[in-house]
Amino acid sequence: MKSGVLARYRDFLPITERTPLITLNEGDTPLIRAERLSEAWGVPHLYFKFEGANPTGSFKDRGMVMAVANALENGARAVICASTGNTSAAAAAYAARTGLDAIVVVPGGKIALGKLAQALIYGAKVLAVNGSFDDALRLVRALHEQYDVALVNSINPYRIEGQTTAAYEIVDVLGDAPDVVCLPVGNAGNITAYWEGFKRYHEAQRATQLPRMFGFQAAGAAPIVHGKVVEQPETVATAIRIGNPASWRRAVQARDESGGRIEAVTDEEILAAQRLLAAYEGIFCEPASAASVAGLRRALDEGWLTGQERIVCVLTGHGLKDPDTAIANSGAVIPIEATLDDAVRALGWQ
Ligand SMILES: *Cc1c(COP(=O)(O)O)cnc(C)c1O
């Protein structure tokens with residue numbers, strides 16, 4: 001199999017003879033069948049699309065490889081983006097890979113540790129603004145308009161194009177589209193891309209059906225659910241802490257065309273789902289990703305789904321991205337002396 005999403009899915013992507021087929025072997029991420037969670041929840045046909053297995057640990061690599069390839073095709077020497085973290089990691093990695101400069105603008109103090117480490121070690125210039133993601137995006141747009149630097153935020157249409165490849169992979173593995181796809185919604189580019197991808201594959205007769213798209217926002221950052229901009233979005237799931245989604249309109253379109261829903265889940269539900277996935281399935285995803293599973297739980301409780309559907313939950317990013325939240329969300333370590341007595345007592349075996 002060809003490596004990387006550009007080579008593998010070039011017929012479905014905006015690729016010309018001049019587009020460099022760059023890659024870090026992104027994509028081809030595992031579609032993991034649920035075991036113990038299926039049992040516990042009575043959901044026999046549940047799968048996790050584990051996007052944390054991408055080279056920089058999130059699905060952002062799919063869109064970034066396409067956007068950077070396009071920037072190179074157009075002679076760019078630098079790329080710039082605003083980011084809650086994962087976009088900056090992906091931009092910095094693909095820029096490093098292809099010899100471009102990368103500039104990333106992040107909301108100060110609100111970026112998960114792993115993501116910041118990535119942007120820095122890949123050699124990007126990292127600017128932390130005193131403000132929100134939306135402030136960072138405004139600034140980046142202004143820099144892009146006045147200086148010669150390619151914008152690789154999700155408002156860049158090539159990002160969404162690259163992200164359609166996740167939908168193709170799901171169909172290629174399952175042999176058809178699933179009945180339902182659950183995923184977190186922040187800037188809403190991903191739900192837009194999945195829906196576009198499923199429609200394209202359906203038109204090309206690679207799939208006989210289309211899934212219903214179920215998107216989940218965090219309760220403190222749920223502009224689409226409430227139909228209005230959230231000035232001060234708040235949630236532990238930093239990757240979806242977005243108050244004014246760039247792809248708002250197209251996400252609503254994906255919801256309505258597919259007969260799906262966009263709903264909110266609380267931080268407590270998100271953290272419970274993150275723990276459950278790790279402890280029941282051995283899958284460690286970041287909090288934003290767990291919103292898809294928290295959302296599935298809610299959909300079952302509310303009767304939006306029966307549980308008999310073939311369901312794919314998209315786990316958008318790796319848990320190691322945000323070690324601080326994971327540690328705060330789990331049990332404490334037990335300090336002991338290095339003696340059998342102490343160990344046995346600590347384990348409660350005595
Ligand atoms: C970017 C991101 C999201 C949100 O995706 P959108 O396309 O902005 O809706 C969710 N989870 C993770 C891990 C992300 O990096």
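Values in this document were obtained by computation on a predicted structure and should not be read as measured data.

## Observations concerning the UniProt feature "domain: Rhodanese" (unreviewed entry) in the protein
And step 1. UniProt's entry tags residues 79-122 with the feature "domain: Rhodanese" (unreviewed entry), counted in the numbering of this structure.
And step 2. This span, residues 79-122, is 50% helix and 25% strand, and a straight line between its end C-alpha atoms measures 13 Å.

## Brief notes about the domain arrangement of the protein
And step 1. Its domain assignment divides the protein into domain 1 (5-58 + 157-329) and domain 2 (77-147).
And step 2. Here domain 1 and domain 2 have C-alpha centroids that lie 23 Å from each other.
And step 3. Counting the surface lost from both domain 1 and domain 2, the interface buries some 1,700 Å², and carbon and sulfur atoms represent 52% of this.
And step 4. The largest contributions to the domain 1 side of the interface with domain 2 come from Leu24, Thr56 and Lys321, which together make up 31% of the buried area.
And step 5. Where domain 1 meets domain 2, there are one salt bridge.

## A few points about the nonpolar core
And step 1. Core analysis: the biggest nonpolar cluster contains 57 residues, and Leu6, Val79, Ile191, Tyr194, Phe198 and Met213 have the highest contact counts within it.
And step 2. For this core, the leading source of residues is helix α3 (residues 60-73), giving seven residues.
And step 3. If you count residues domain by domain, this core takes at least three from each of domain 1 (5-58 + 157-329) and domain 2 (77-147).
And step 4. If near-sequence neighbours (up to four positions away) are discounted, valine 79 is found in contact with Ala71, Ala91, Ala95, Leu100, Asp101, Ala102, Ile103, Val149, Ala150 and Val152.

## A few points about the site of the ligand
And step 1. Around the ligand there are 17 residues in total, and Lys60, Asn86, Gly186, Asn187 and Thr316 lie nearest to it.
And step 2. Take asparagine 190: an N or O atom from its main chain is 2.8 Å from an oxygen atom of the ligand.
And step 3. Contact distances for the ligand include 2.7 Å between a nitrogen atom and a side-chain N or O atom of threonine 316.
And step 4. Relative to its unbound accessible area of 380 Å², the ligand is 96% covered by the protein chains.
And step 5. Secondary-structure elements contributing two or more residues to the shell around the ligand are α9 (189-203) and α13 (287-302).

Parameters and conventions
Residues numbered from 1 in each chain as written. Predicted model: local features only at pLDDT ≥ 70, side-chain atom pairs only at ≥ 80, totals over all residues. Heavy atoms only, no water. UniProt positions renumbered as here; feature names shortened; annotations may be inferred. Helix = DSSP H or I, 4+ residues; strand = E, 2+ residues; numbered from the N terminus. Domains from an automatic or database assignment. Buried area = accessible area lost by both parts, 1.4 Å probe. Salt bridge = Lys/Arg side-chain N within 4 Å of Asp/Glu carboxyl O. Core = buried A, V, L, I, M, F, W, Y, C linked by side-chain atoms within 4.5 Å. Buried < 20%, exposed > 50% of the residue type's maximum accessible area, 1.4 Å probe, protein only. Contact = heavy atoms within 4.5 Å. Near = heavy atom within 4 Å. Polar contact = N/O pair within 3.5 Å; in protein donor to acceptor, adjacent residues only side chain to side chain. Areas by Shrake-Rupley, 256 points an atom, 1.4 Å probe, with all protein chains shown as cover.

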